[in-house]
Amino acid sequence: MHNIEFLEYVGIFAFAASGALVAIDEDFDLFGILILATVTAMGGGVLRDVVTRSGIPVFFTNYKAIPFIILGAAIPIIFRGRLKHSTIFVAIDAVGLAAFFVSAAIKGIESGYNLMLLLFVASITGVGGGILRDIIAGRKPEVFKSDIYCIAGIIGIFFLKLLYPILGYNFAQYISLTIIFSVRMICYFKKVNLPVIRKIKSTAISKDA
């Protein structure tokens, strides 16, 4: 198993746990927890394969991910959803995010994708499952309202695209993985977020009768 493939399975585990945590928050039953865990872990990859017409999505032809999904869903069930703000969980999730972004980007580069398609493929693989999770749970997608998350992945992919012709895939992918993980964790610890633009509340002006 290649290092990047191992990290992908770490990401599947973390994303499945994330889906299970949201399902528990929303009072889903056991079946609902497993479904939301699966959608979160594999939804981005399925969307990527459908959009890029890559044939049958990998999830339906390779069953190696299933034990990691079950394990990822089981941990929040055992701990009754208390891992959501655990630093260890955030770190594991950041490893998975980096692995998903980089592995998808490398496949995109090998397929000759231009920069826009490359960024789309990497982003939808990295955060698509989380967006589907929040839509199914009736929430505003977290990726659009808090945390430097997708942006961390995009920064790493820019460096991958820039460095791989010079350093080759191996060195470039490790640098990109490190950048994504570091940006995500630094922003988490420093509580750095993108600004939220709020509309100005209009005040009613009363007129004398």
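Residues numbered from 1 in each chain as written. Predicted model: local features only at pLDDT ≥ 70, side-chain atom pairs only at ≥ 80, totals over all residues. Heavy atoms only, no water.

Caption draft 1: Fine view of the packing of helix α5 (residues 115–136) against helix α6 (residues 150–190). Taken N-terminus to C-terminus, the directions of α5 and α6 make an angle of 140°; their axes are 10 Å apart at the nearest point. With respect to α6, the element α5 is oriented oblique. Read as a crossing pair, α5 and α6 show a hand that is right-handed. Along the contact surface, α5 presents L115, L118, L119, A122, S123 and V127, while α6 presents C150, I154, I157, F158 and K161. When the residues that make up the contact of α5 with α6 are grouped by side-chain class, the tally is nine nonpolar, one polar and one charged. (Axes fitted to C-alpha atoms, helices over the stretch in contact; angles between N-to-C directions. Helix = DSSP H or I, 4+ residues; strand = E, 2+ residues; numbered from the N terminus. Parallel < 35°, antiparallel > 145°, perpendicular 65-115°, else oblique. Left-handed = near helix turned anticlockwise from the far one by under 90°. Contact = heavy atoms within 4.5 Å. Nonpolar A, V, L, I, M, F, W, Y, C, P; charged D, E, K, R; others polar.)

Caption draft 2: Representation of the environment of I155 within the structure. Position of I155 relative to the elements: it lies in helix α6. I155 gets classed as partly exposed once you look at its relative accessible area, which sits at 31%. For the pair I155 and L119, spaced 36 residues apart in the sequence, the C-alpha separation amounts to 9.9 Å. What I155 contacts, discounting residues up to four positions off in sequence, is I179 and V183. (Buried < 20%, exposed > 50% of the residue type's maximum accessible area, 1.4 Å probe, protein only.)

Caption draft 3: Spatial organisation of the pattern of salt bridges. Counted according to the given criterion, the structure contains four salt bridges. The partner of R139 in a salt bridge is D25, and the shortest N-O contact between them spans 3.6 Å. Here the residue R139 occupies a position in the loop between α5 and α6, and D25 occupies one in helix α1 (residues 3–25), the gap between them amounting to 114 residues. Owing to a relative accessible area of 38%, D25 belongs among the partly exposed residues under this scheme. For R133, the salt bridge is made with D134, and the minimal N-O distance between the two is 2.9 Å. Residues R133 and D134 agree in their burial class; the two are buried. If you follow the salt bridges from partner to partner, you end up with D25, E26 and R139 in one network. (Salt bridge = Lys/Arg side-chain N within 4 Å of Asp/Glu carboxyl O.)

Caption draft 4: Representation of a nonpolar patch on the surface in the model. On the surface, a cluster of nonpolar side chains totalling about 440 Å² of accessible area is made up of I151, I155, F159, L162 and L194. Structurally, L162 can be placed in helix α6. Assessed through its relative accessible area of 55%, L162 is described here as exposed. (Patch = residues over 30% accessible without salt bridge, like charges linked within 9 Å, V, L, I, M, F, W, Y side chains within 5 Å. Areas by Shrake-Rupley, 256 points an atom, 1.4 Å probe, with all protein chains shown as cover.)

Caption draft 5: Molecular detail of the packing of aromatic side chains. All chains considered together, the criterion is met by four aromatic pairs. With a centroid separation of 4.8 Å and 15° between ring planes, the pair formed by Y9 and F68 is classed as stacked. Of this pair, Y9 sits in helix α1 while F68 sits in helix α3 (residues 65–78), and the two are 59 residues apart along the sequence. Taking the centre distance of 5.0 Å and the plane angle of 75° together, the rings of F15 and F100 count as edge-to-face. (Phe/Tyr/Trp six-rings, centres within 6.5 Å; stacked < 30°, edge-to-face > 60°.)

Caption draft 6: Layout of the environment of K201. Within the secondary structure layout, K201 lies in the segment after α6. Linking K201 and F79, residues 122 residues apart in sequence, is a C-alpha distance of 42 Å.

Caption draft 7: How the structure looks around the packing of helix α2 (residues 30–51) against α5. With their axes 7 Å apart at the nearest point, α2 and α5 run at an angle of 135° to one another. Taken together, α2 and α5 sit at an angle that is classed as oblique. Every pair of crossing elements has a handedness; the one defined by α2 and α5 is right-handed. Side by side, α2 and α5 meet where L36, V39, T40, G43, G44, G45, L47, R48 and V51 of the first sit next to F120, V121, I124, T125, G128, G129, G130, L132, R133 and I136 of the second. Residues belonging to the contact of α2 with α5 are distributed by class as follows: nine nonpolar, eight polar and two charged.

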